[in-house]
Every structure is written in structure tokens, then in C-alpha cells.
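What the coordinates show
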Amino acid sequence: MSVKVEVKLDVESMADFMIYHIYTSGAGMTALILGMLNVGLTIAFVMRRQFLLAAVFLLFVCLVFIVFPLFIRKKVVRQMQNSRRLEETVTYEFMEDGILTTTSEDSGKASWSKFKRAISRKQIIFLYDAQKRAIILPVSQLGDKYTEIVDMIFAHMPAPAVRIRRLDGKKGKVARFRKEEDRKESDRKADVDEKATREPEEEKGPAE
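Residues numbered from 1 in each chain as written. Predicted model: local features only at pLDDT ≥ 70, side-chain atom pairs only at ≥ 80, totals over all residues. Heavy atoms only, no water.

End to end, helix 1 (residues 11–23) covers 18 Å across 13 residues, agreeing with the expected 18 Å (1.5 Å per residue, within 8%). Buried residues along helix 1 sit against helix 2 (26–47), helix 3 (51–81), strand 5 (115–121), strand 6 (124–129) and strand 7 (134–138). Backbone nitrogen of Glu 12 and a side-chain oxygen of the N-cap are separated by 3.2 Å at the start of helix 1; the cap is Asp 10. (Helix = DSSP H or I, 4+ residues; strand = E, 2+ residues; numbered from the N terminus. Expected span 1.5 Å × (residues − 1). Contact = heavy atoms within 4.5 Å. Polar contact = N/O pair within 3.5 Å; in protein donor to acceptor, adjacent residues only side chain to side chain.)

Written out as C-alpha cells, the structure is:
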């Protein structure tokens, strides 16, 4: 079984990916921690009616959670508008033994063991390998193949490494468990068929 899909990177998908990538790095996590700390300090100073200090810390909160993401998005949009990657169609084929990537100039296949994380973020799905390189899949371009691709990812990657929300609301483990149940059921039917087709042993008569 394989699932093939053609995608073309767009500016919004790339911007969402870069924001996630930056905010999950060491510096980004530090900024998020400081932002949450400033939220707590803002609330504390409001409760103490020290509104001037509360406004200062609220300003830091706005910088971390609003201004910085907007700045990053605008910067990525400017860079991507002149990028050749936006003009190129990439074909991904999800197979039992890996993912085949094909472009107009090259093609290559990576086994599932190469991918360490699979994440959905707003309108994109991306798979990280050990070198932090990523396959980026805009959800709007996957169409009715979305569920099949998600099922393939859950079936071939460790559950803790996958953070993808299915469109049908089911957890990814359901697909894996269903496959295991189907395999057990097929084995059970094979055993029954084998017993049914086996010739019965000749009955022994009473001892003379």
C-alpha cells in the first residue's frame, strides 16, 4: 500500500513552520518561559493595584506573543516571495518502507526510521528527521488523502513521536490497533480454515 501526493509550498505554510521551529528552539523556549512569567507578574501587579508596573510587564507579554511572531512571519514572507521553492511541485509517496521524495531535479527515499517527529500545526503537517530537516505538507493540498497519510505516519512511527490531530477526531492509535486486530482475525480465520480442510482421522473400532 502506498499514498502519493503532490504539494507546492506556499508562503503561509512556510511561515507557520518557521514560527514553530523558532519557538521550539532553545532561545524560543526561553522567550516563552519569560513571556509566561511576565503574564504572572502582570496579574500580580494588577491585583496589588500597581498598574504602571503591570503595564510594563504587559508590554513584554505583547512583544513575546504578538509582536515577535508577526515580525517573524513578515520576514519569512519577504524571503519566500522570491524563493524558487514556491514554484516547485514536490511529489511525496508514502510507502511501507519509507517516503519517496521526487522533484523536477532529483529524487530520494528515506526510511521511516530516519524521521524522529511528526507534528501538525494549524494548516500544515511536518516530519522532522534527525538533522532537523523537514517534510512540510500543507493540509489544504492533501485533500481526501489526509487521513491515509496520517494513518501511514501513525503506523510506522513511535506513538510518542507523533503529534497529529486526525480530521475524524480519532486517535492515531486506533488505526494501528485496528491493523493488529485485523491481523489477529485473519490468523484466526486461517486456523479455522486449516482445521476445516484437514482430513478427519479414521475412527478406531473396539479392540477385538
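This next bit is on the layout of surface pockets. Considered as a void within the structure, the largest pocket measures approximately 630 Å³ in volume. In terms of lining, the largest pocket is formed by 24 residues, of which the most central are Tyr 92, Thr 101, Arg 133, Ala 134 and Ile 135. Looking at the lining of the largest pocket, the elements that each hand over two or more residues are strand 1 (3–8), strand 2 (89–95), strand 3 (98–102), strand 4 (107–110), strand 6 and strand 7. Within this model, the second largest pocket holds a volume of roughly 250 Å³. Together, 13 residues line the second largest pocket, and Ile 19, Tyr 20, Tyr 23, Leu 32 and Arg 121 are the ones closest to its centre. Counting residues per element, the ones that place at least two in the lining of the second largest pocket are helix 1, helix 2 and helix 3. Split into classes, the residues belonging to the lining of the second largest pocket amount to eight nonpolar, one polar and four charged. (1 Å grid on protein atoms, 1.4 Å probe; cavity = no way out; pocket = protein on both sides within 12 Å on 5 of 7 lines; lining within 4 Å. Points joined across faces, edges and corners; volume = space filled by probe spheres on them. Nonpolar A, V, L, I, M, F, W, Y, C, P; charged D, E, K, R; others polar.)

Applying the stated rule across the entire model yields seven aromatic pairs. Each residue in the set Phe 17, Tyr 20, Phe 126 and Tyr 128 is aromatic and connected to the rest through ring pairs, giving one cluster. (Phe/Tyr/Trp six-rings, centres within 6.5 Å; stacked < 30°, edge-to-face > 60°.)

The next subject is the nonpolar core. Grouped together as the largest cluster of nonpolar side chains are 26 residues, with contacts concentrated most on Phe 94, Ile 125, Leu 127, Leu 137 and Ile 153. Elements with a minimum of two residues in this core: strand 1, strand 2, strand 5, strand 6, strand 7 and helix 4 (146–156). Here this core gets six residues from one element, more than from any other, and that element is helix 4. In contact with Leu 127, other than residues within four places in its own chain, are Ile 99, Trp 112, Phe 115, Arg 117, Ala 118, Arg 133, Ala 134, Ile 135, Leu 137, Ile 153 and Met 157. Judged by nonpolar contacts, the second largest core, of 17 residues, contains Ala 15, Val 76, Val 77 and Ile 124. (Core = buried A, V, L, I, M, F, W, Y, C linked by side-chain atoms within 4.5 Å. Buried < 20%, exposed > 50% of the residue type's maximum accessible area, 1.4 Å probe, protein only.)

Before going further, it helps to examine the packing of helix 1 against helix 3. The interhelical angle for the contact between helix 1 and helix 3, taken along N-to-C directions, is 130°, at an axis separation of 9 Å. In terms of axis orientation, helix 1 runs oblique to helix 3. Note that helix 1 runs across helix 3; the crossing there is right-handed. Contact residues: helix 1 offers Val 11, Glu 12, Met 14, Ala 15, Asp 16, Met 18, Ile 19, Ile 22 and Tyr 23, while helix 3 offers Val 64, Phe 68, Pro 69, Ile 72, Arg 73, Val 76, Val 77 and Met 80. (Axes fitted to C-alpha atoms, helices over the stretch in contact; angles between N-to-C directions. Parallel < 35°, antiparallel > 145°, perpendicular 65-115°, else oblique. Left-handed = near helix turned anticlockwise from the far one by under 90°.)

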